[in-house]
Amino acid sequence: MSRAQISALVFGVGGFGALVAATASNEWKVTTRASSVITATWVYQGLWMNCAGYIQACRGLMIAAVSLGFFGSIFALFGMKCTKVGGSDKAKAKIACLAGIVFILSGLCSMTGCSLYANKITTEFFDPLYVEQKYELGAALFIGWAGASLCIIGGVIFCFSISDNNKPPRMGYAYNGATSVLSSRTKYPGAEGDFKTTNPSKQFDKNAYV
């Protein structure tokens, strides 16, 4: 079981959950209307309470981010080494890489949508000519940014996890033990392929002593 893939799945699924929570939240921008020194009324607005042009663009980006995060989670489960579905290790590596790309796209969509919304809020807040109610950044924006970061991190880890499947297996080397020591006697092939043994001592006949 690959620890990198497990970490990537945790980041990706966690980011996907954060994107869903941010998209459904109404706290994209917030302001207070103090009626007195003691009491104050908090006003929240989200993606589904306004029909402005930039809001529709942000809405589409967040819907795309949630959809991509959902499919990325499905692909990630099929691409995990610990699952029995998805085919061979080579096929699982391709599915895991696809899951990583989808998670990265999901994070980029969420990052773009939240940044676009935040830019509109800050522009209106610091504009001295803007006379309508001014808002501040809501908690949903920070949740969306955090979810986008988790999705991107998980996607990058998934893309790099395929290198584990491409590593060649280690070759085993068998130990044959020490080589046997040849006998002090010299062996040579005979006429019929048999080996004959000769005495290393010199052979002398009786005439040698005369």
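Residues numbered from 1 in each chain as written. Predicted model: local features only at pLDDT ≥ 70, side-chain atom pairs only at ≥ 80, totals over all residues. Heavy atoms only, no water.

Looking up the chain in an unreviewed UniProt entry gives the name Claudin-10 isoform X2, with the organism given as Vulpes vulpes. What UniProt states about the chain under its Sequence similarities (unreviewed entry) heading is, verbatim, "Belongs to the claudin family." (UniProt positions renumbered as here; feature names shortened; annotations may be inferred.)

Asker: Looking at this structure, I do not really get the overall build of the chain. What am I missing?
Answerer: What the chain contains, in helices and strands, is four helices and five strands. Taken from N to C terminus, the helices and strands of the chain fall in the order α-β-β-α-α-β-α-β-β. When the 210 residues of the chain are sorted by exposure, 29% land in the buried category. At a minimum sequence separation of 6, the contacts of the chain that also span at least 24 residues come to 68%. Accessible area of the chain: about 13800 Å², with a carbon and sulfur share of 63%. (Helix = DSSP H or I, 4+ residues; strand = E, 2+ residues; numbered from the N terminus. Buried < 20%, exposed > 50% of the residue type's maximum accessible area, 1.4 Å probe, protein only. Contact = heavy atoms within 4.5 Å. Areas by Shrake-Rupley, 256 points an atom, 1.4 Å probe, with all protein chains shown as cover.)

Asker: Would you mind showing me how to read the nonpolar core here?
Answerer: For soluble globular proteins, nonpolar side chains are generally found buried alongside one another. Judged by nonpolar contacts, the single largest core of 24 residues is most densely connected at Trp-28, Leu-47, Met-62, Ala-76, Tyr-117, Leu-141 and Phe-158. It is helix α3 (residues 89-125) that provides the largest number of residues to this core, a total of eight residues. Non-local contacts of Phe-158, meaning those with residues more than four positions away in its chain, are made with Gln-5, Ala-8, Leu-9, Ala-76, Met-80, Ala-96, Gly-100 and Phe-103. (Core = buried A, V, L, I, M, F, W, Y, C linked by side-chain atoms within 4.5 Å.)

Asker: Would you explain a nonpolar patch on the surface in this entry?
Answerer: A surface patch of nonpolar side chains, amounting to about 450 Å² of accessible area, comprises Phe-70, Phe-71, Ile-74, Leu-77 and Phe-78. Secondary-structure assignment places Phe-71 in helix α2 (residues 53-79). Its relative accessible area of 44% is what places Phe-71 among the partly exposed residues. (Patch = residues over 30% accessible without salt bridge, like charges linked within 9 Å, V, L, I, M, F, W, Y side chains within 5 Å. Salt bridge = Lys/Arg side-chain N within 4 Å of Asp/Glu carboxyl O.)

Asker: Looking at this structure, how should I read the UniProt feature "transmembrane region" (unreviewed entry) in the chain?
Answerer: According to UniProt, the "transmembrane region" (unreviewed entry) feature falls on residues 6-24, 61-83, 95-118 and 138-162. Helix makes up 100% of residues 6-24 and strand 0%. Its end C-alpha atoms lie 27 Å apart.

Asker: Sorry if this is basic, but what is going on with the packing of aromatic side chains here?
Answerer: The geometry of an aromatic ring pair is captured by the separation of the ring centres together with the interplanar angle, meaning the angle of the planes. Per the counting criterion, the structure on display carries six aromatic pairs. Judged by centre distance (5.5 Å) and plane angle (75 degrees), the rings of Phe-70 and Phe-71 are edge-to-face. Between Phe-125 and Phe-126 the ring centres are 5.2 Å apart and the planes differ by 85 degrees, which places this aromatic pair in the edge-to-face class. A relative accessible area of 34% places Phe-125 in the partly exposed class. Residue Phe-126 is classed as exposed on the basis of its relative accessible area of 64%. Just above the ring of Tyr-135 sits the side chain of Lys-29; from NZ or CZ to the centre is 4.6 Å. Seen from the ring of Tyr-54, Lys-120 lies directly overhead, with NZ or CZ sitting 5.5 Å from the centre. (Phe/Tyr/Trp six-rings, centres within 6.5 Å; stacked < 30°, edge-to-face > 60°. Lys NZ or Arg CZ within 6 Å of the ring centre and 35° of its normal.)

Asker: Explain helix α4 (residues 139-161) here, please?
Answerer: Residues lying three or four places apart along an α-helix face the same way, a consequence of the helix completing one turn every 3.6 residues. Spanning 23 residues, α4 covers 33 Å between terminal C-alpha atoms, matching the ideal 33 Å at 1.5 Å per step. Residues Ala-140, Leu-141, Gly-144, Gly-147, Ala-148, Cys-151, Gly-154, Gly-155, Phe-158 and Ser-161 constitute the buried set of α4. Taken together, the buried residues of α4 touch α1 (3-24), α2, α3 and β3 (136-137). (Expected span 1.5 Å × (residues − 1).)

Asker: Explanation requested: the environment of Leu-150 in the structure shown.
Answerer: Topologically, Leu-150 is positioned in helix α4. Spatially, the C-alpha atom of Leu-150 lies 4.8 Å from that of Gly-15, the residues being 135 residues apart in sequence. Not counting residues up to four positions away in its chain, the partners in contact with Leu-150 are Phe-11, Gly-12, Gly-14 and Gly-15.

Asker: Hey, could you run me through the environment of Ile-143 in this one?
Answerer: Residue position: Ile-143 is located in helix α4. Sequence separation of Ile-143 and Ala-22 is 121 residues, and the distance between their C-alpha atoms is 5.8 Å. Excluding anything up to four places from it in sequence, Ile-143 contacts Ala-18 and Ala-22.

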